[in-house]
Amino acid sequence: MAEKKKEASAAVELMRATFARVRSNEEAKRGLVIIKALYGRHMDVADLGRRGSGEEEGREAGTTADLEHLDEVIDVTIPLQCLVKDSKLTLHDASK
């Protein structure tokens, strides 16, 4: 899994120049600018304390198992902005 994270980080680094150009063009024409895009299982740290005792699952809320899920969200702002053309976001079919 660590290897895939390294590969993804390298790919995002290669997109930075395209990201800057696309974002600048979109800002200039008041087009589509992606402010923040997250992908994955979102769990707010504040929600961990409000989930109850967790007794139905046999553990307390806010445990290490809950905190591990916080890593399941990745920032996809740069890749998404790179998919914007003429103020339209075009998503392509891809296998998961």
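Attention here is on the structure that accompanies the text. (Residues numbered from 1 in each chain as written. Predicted model: local features only at pLDDT ≥ 70, side-chain atom pairs only at ≥ 80, totals over all residues. Heavy atoms only, no water.)

**Some details on the environment of Leu38**
- Summarising the element assignment, Leu38 is placed in strand β1 (residues 38-40).
- Sequence separation between Leu38 and Ile74 is 36 residues; the distance between their C-alpha atoms is 5.6 Å.
- Sequence-distant contacts of Leu38, defined by excluding residues within four places in its chain, comprise Val73, Ile74, Asp75 and Val76. (Helix = DSSP H or I, 4+ residues; strand = E, 2+ residues; numbered from the N terminus. Contact = heavy atoms within 4.5 Å.)

**Things to note about a nonpolar patch on the surface**
- A contiguous nonpolar patch, built from Leu83, Leu89 and Leu91 and spanning about 260 Å² of accessible area, is present on the exposed surface.
- Owing to a relative accessible area of 36%, Leu89 belongs among the partly exposed residues under this scheme. (Patch = residues over 30% accessible without salt bridge, like charges linked within 9 Å, V, L, I, M, F, W, Y side chains within 5 Å. Areas by Shrake-Rupley, 256 points an atom, 1.4 Å probe, with all protein chains shown as cover. Salt bridge = Lys/Arg side-chain N within 4 Å of Asp/Glu carboxyl O. Buried < 20%, exposed > 50% of the residue type's maximum accessible area, 1.4 Å probe, protein only.)

**Here we look at the nonpolar core**
- Counting residues in each nonpolar core, the largest one holds six residues, listed as Val22, Ile34, Ala37, Val76, Leu80 and Val84.
- With residues up to four places along the chain from it excluded, the contact list for Ala37 reads Ile74, Asp75, Val76, Thr77 and Leu80. (Core = buried A, V, L, I, M, F, W, Y, C linked by side-chain atoms within 4.5 Å.)

**Details of the pattern of salt bridges**
- Scanning the entire structure with this criterion turns up five salt bridges.
- Two residues, Arg16 and Glu13, come together in a salt bridge whose shortest N-O distance is 3.0 Å. Of this pair, Arg16 and Glu13 both sit in helix α1 (residues 2-28), three residues apart, roughly one helical turn.
- A salt bridge links Asp86 to Lys29; its shortest N-O distance comes to 4.0 Å. Taken together, the positions of Asp86 in the loop between β3 (84-85) and β4 (88-89) and Lys29 in the loop between α1 and β1 put the pair 57 residues apart, joining distant regions of the chain.
- On the basis of relative accessibility, which here comes to 54%, the residue Asp86 falls in the exposed class.
- Members of the salt-bridge network, linked through shared partners, are Glu26, Lys29 and Asp86.

**Things to note about the side chain of Glu26**
- Residue placement: Glu26 occurs in helix α1.
- Looking at Glu26, the relative accessible area reads 3%, which means it is buried.
- A distance of 2.8 Å separates polar atoms of two side chains, one belonging to Glu26 and the other to Ser87. (Polar contact = N/O pair within 3.5 Å; in protein donor to acceptor, adjacent residues only side chain to side chain.)

From the geometry alone we can't say anything about function, so treat these as descriptive.
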